[in-house]
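Chain by chain, the residues:
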Amino acid sequence: MSELMHADVEAVTWTLEHGGTRPSDSDRAQGQRLLDEHVAMGRLTSEEFGDRAAQVQHARTKSELLAAFQGLPRSHPRFDEQVQPRRFAIPEPTADVPHLRYAVTAIVSSCAVAGAIGTLLLALQEPAVLFAAAGVLLTVYFALVILGHRTES
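Residues numbered from 1 in each chain as written. Predicted model: local features only at pLDDT ≥ 70, side-chain atom pairs only at ≥ 80, totals over all residues. Heavy atoms only, no water.

Trainee: Explain helix α2 (residues 25-40) here, please?
Mentor: Three or four residues apart is the spacing at which side chains of an α-helix point the same way, because the helix has 3.6 residues per turn. An ideal rise of 1.5 Å per residue puts 22 Å on 16 residues; α2 measures up with 23 Å between its terminal C-alpha atoms. Within α2, the full set of buried residues consists of Asp 27, Arg 28, Gln 30, Gly 31, Leu 34, Leu 35 and His 38. Seen from one end, α2 has its buried residues packed into an arc of 160 degrees, which puts them on one side. In this structure, α2 carries Asp 25 and Ala 40 as exposed residues pointing more than 90 degrees from its buried face. Backbone geometry just after α2 places Gly 42 at a positive phi near 80 degrees. (Helix = DSSP H or I, 4+ residues; strand = E, 2+ residues; numbered from the N terminus. Expected span 1.5 Å × (residues − 1). Buried < 20%, exposed > 50% of the residue type's maximum accessible area, 1.4 Å probe, protein only. Arc of directions from axis to C-beta.)

Trainee: Even after reading the chapter, I still don't get the side chain of Arg 28, so can you show me in this structure?
Mentor: For Arg 28, the position within the fold is in helix α2. Residue classification places Arg 28 among the buried residues on the basis of a relative accessible area of 15%.

Trainee: I would appreciate a short explanation of the nonpolar core in the present structure.
Mentor: In globular proteins that are soluble, nonpolar side chains generally tend to be buried together. Grouped together as the largest cluster of nonpolar side chains are ten residues: Leu 34, Leu 35, Leu 44, Ala 53, Val 56, Ala 59, Leu 65, Ala 68, Phe 69 and Leu 72. Contributing elements (two or more residues each) for this core: α2 and α3 (46-58). (Core = buried A, V, L, I, M, F, W, Y, C linked by side-chain atoms within 4.5 Å.)

Trainee: Explain the pattern of salt bridges here, please?
Mentor: When their charged atoms lie close together, side chains carrying opposite charge are able to pair. Scanning the model with the defined rule gives three salt bridges in all. In this structure, the salt-bridge partner of Asp 25 is Arg 28, at a minimum N-O distance of 3.9 Å. Here the residue Asp 25 and the residue Arg 28 both occupy positions in helix α2, the gap between them amounting to three residues, near one helical turn. A salt bridge links Asp 27 to Lys 62, with the nearest nitrogen and oxygen atoms 3.7 Å apart. Linking Asp 27 in helix α2 with Lys 62 in helix α4 (residues 62-67), this pair joins segments that are 35 residues apart in sequence. By relative accessible area, which is 9% here, Lys 62 ends up buried. (Salt bridge = Lys/Arg side-chain N within 4 Å of Asp/Glu carboxyl O.)

Have a look at this one:
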């Protein structure tokens, strides 16, 4: 008898503290599961179960959901755990995408070869172009070396 009273006092205390909070889908599922257990133990008739199950599914507050367990011993929904807001993980960029690296390498290499051939053909007619191309090539090379060194450290 005292266990039953303790359960009712606990339910009333909880209702006073959290009664106006709206129940989540998992709260309703927990309530439905507990009602199933009460039916299996013979505490509820099928008609009572139907009424209480509807009450659980249509409850707008946790106290309304909890009211479906009035008169039943200890097994009633517990809403102790705090619901954490759902956080969406941002996927980490993949470290290595070989097919993309190969495609970029193929495009840059073919452009470099075409540019080198064009520059050599032009250099045959005008030698000053060869010196300008060599200057551009060295500038780009050193820039890549400096940028590559900065990203490694």
